[in-house]
Amino acid sequence: MNVSVVLPVLNEIESLSSLIDELKVNLEFVNDWEIIFVDDGSEDSSWDIIIELSKKFKNISGIRFTKNYGKSQALHAGFKSARGDFIVTLDADLQDSPEEITKMIDLLNDGYDLISGWKKKRYDSILFKNLPSKLFNWAARRVSGIKLHDFNCGIKAYKKEVAKTINIYGEMHRFIPVLAAQEGFNKIGEQIVKHQARQFGKTKFGSDRFFRGFFDLLTIWFINKFGKRPMHFFGLWGSFMLLIGFAFTAYLGFEKLFL
């Protein structure tokens with residue numbers, strides 16, 4: 001069994017060494033594994049740590065972006081480089097537990113295409129993260145029809161063909177299960193995962209990400225509903241506006257001629 005672990009990194013110098021120690025322990029069940037760090041324009045010395053780790057362990061490698069492109073682009077680059085039959089993603093801030101990897105791989109072996117984590121119990125701010133997250137996930141379920149509790153959970157496991165097929169762009173990493181379903185990978189499962197309190201630094205995501213997320217959700221909704229027949233949307237509203245314009249023209253013409 002070959003497993004690739006893809007780790008987007010942005011200013012996580014304090015957590016990288018501890019994360020590697022945890023990953024190595026939890027990848028002992030794997031015949032062949034690799035860890036791919038994707039440094040998304042870190043301004044601290046994260047890249048130096050990644051270089052040191054790659055020299056120390058032959059199955060650890062790194063990809064470096066010259067500036068911050070975003071998590072979607074980091075995941076895309078990691079997926080492109082991954083060689084494993086199964087690909088696992090998790091955040092590098094130690095809030096995702098590597099202990100979950102074994103159970104997720106077992107579910108993929110049972111026939112699932114993708115397993116998404118569900119942080120049922122969270123250690124984030126209730127007002128600024130938990131409640132907005134619940135609202136966002138409720139809307140995502142309604143729009144997509146996919147019954148997941150936590151679309152944006154960082155820890156996920158994929159069969160290779162899923163990760164290699166989906167095209168993650170913009171900030172669509174929040175909707176990877178939806179993108180997978182659009183490509184015909186409908187066996188999507190969910191696993192309750194342990195959420196750990198942040199040990200170092202602070203979150204890289206502000207409250208504005210939820211507003212961007214809802215706009216992205218509208219994009220997903222449009223593509224799902226009208227992607228193959230856009231004229232059903234534009235034609236309907238175009239016809240409606242045409243009727244309004246014709247009615248005003250007829251009224252003005254009648255007023256000039258007869259009133």
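Residues numbered from 1 in each chain as written. Predicted model: local features only at pLDDT ≥ 70, side-chain atom pairs only at ≥ 80, totals over all residues. Heavy atoms only, no water.

Caption draft 1: Seen up close, unusual backbone geometry. Despite not being glycine, Asn11 shows a phi value in the positive range, around 55°. Checked against the element boundaries, Asn11 lands in the loop between strand E1 (2–9) and helix H1 (16–26). Non-glycine residue Leu94 carries a positive phi angle of around 70°. Note that Leu94 resides in the loop between strand E4 (86–89) and helix H4 (101–109). (Helix = DSSP H or I, 4+ residues; strand = E, 2+ residues; numbered from the N terminus.)

Caption draft 2: A look at the layout of surface pockets. Roughly 210 Å³ of internal volume is contained in the second largest pocket. Residue lining of the second largest pocket: 12 residues in total, with Trp118, Lys119, Lys134, Asn137 and His149 positioned closest to the centre. Across the lining of the second largest pocket, the residue classes tally to one nonpolar, four polar and seven charged. (1 Å grid on protein atoms, 1.4 Å probe; cavity = no way out; pocket = protein on both sides within 12 Å on 5 of 7 lines; lining within 4 Å. Points joined across faces, edges and corners; volume = space filled by probe spheres on them. Nonpolar A, V, L, I, M, F, W, Y, C, P; charged D, E, K, R; others polar.)

Caption draft 3: Structural context of the sheet that holds strand E7 (residues 188–192). Pairing is mixed in the open sheet, where seven strands are placed in the order E3-E2-E1-E4-E6-E5-E7. Looking at which strands have only one partner, the edges of the open sheet turn out to be strand E3 (60–64) and E7. Here the average twist between neighbouring strands, direction ignored, is 20°. In the sheet, E1 pairs with strand E2 (residues 32–39) via eight bridges, with the strands oriented parallel. (Pairing = 2+ DSSP bridges. Axes fitted to C-alpha atoms, helices over the stretch in contact; angles between N-to-C directions.)

Caption draft 4: Representation of the side chain of Asp150 within the structure. Here Asp150 lies in the loop between helix H5 (126–144) and strand E6 (156–159). Within the structure, the side chain of Asp150 is placed 3.4 Å from the backbone nitrogen of Cys153, a separation counted as a polar contact. When sequence neighbours within four positions are dropped, the list of residues in contact with Asp150 reads Ser116, Gly117, Trp118, Lys119, Arg122, Asn137 and Glu190. (Polar contact = N/O pair within 3.5 Å; in protein donor to acceptor, adjacent residues only side chain to side chain. Contact = heavy atoms within 4.5 Å.)

Caption draft 5: Broad picture of empty space enclosed by the protein. Taken as a whole and assessed by the stated rule, the structure comprises one cavity of 30 Å³ or more. Computed from the structure, the largest cavity encloses a volume of approximately 60 Å³. Lining the largest cavity, in full, are Lys71, Leu75, Thr89, Asn152, Cys153, Gly154, Lys156, Tyr158, His173 and Ile176. Considering only residue class, the lining of the largest cavity consists of four nonpolar, four polar and two charged.

Caption draft 6: The pattern of salt bridges, seen in detail. A complete count under the given rule lists six salt bridges for this structure. Notably, a salt bridge pairs Arg83 with Glu34, separated by 3.2 Å at the nearest N-O pair. Of this pair, Arg83 sits in the loop between helix H3 (71–81) and E4 while Glu34 is found in strand E2, placing the two residues 49 residues apart along the sequence. Accessibility expressed as a relative area gives 7% for Glu34, which makes it buried. Glu171 is the salt-bridge partner of Arg174, the closest N and O atoms lying 2.8 Å from each other. (Salt bridge = Lys/Arg side-chain N within 4 Å of Asp/Glu carboxyl O. Buried < 20%, exposed > 50% of the residue type's maximum accessible area, 1.4 Å probe, protein only.)

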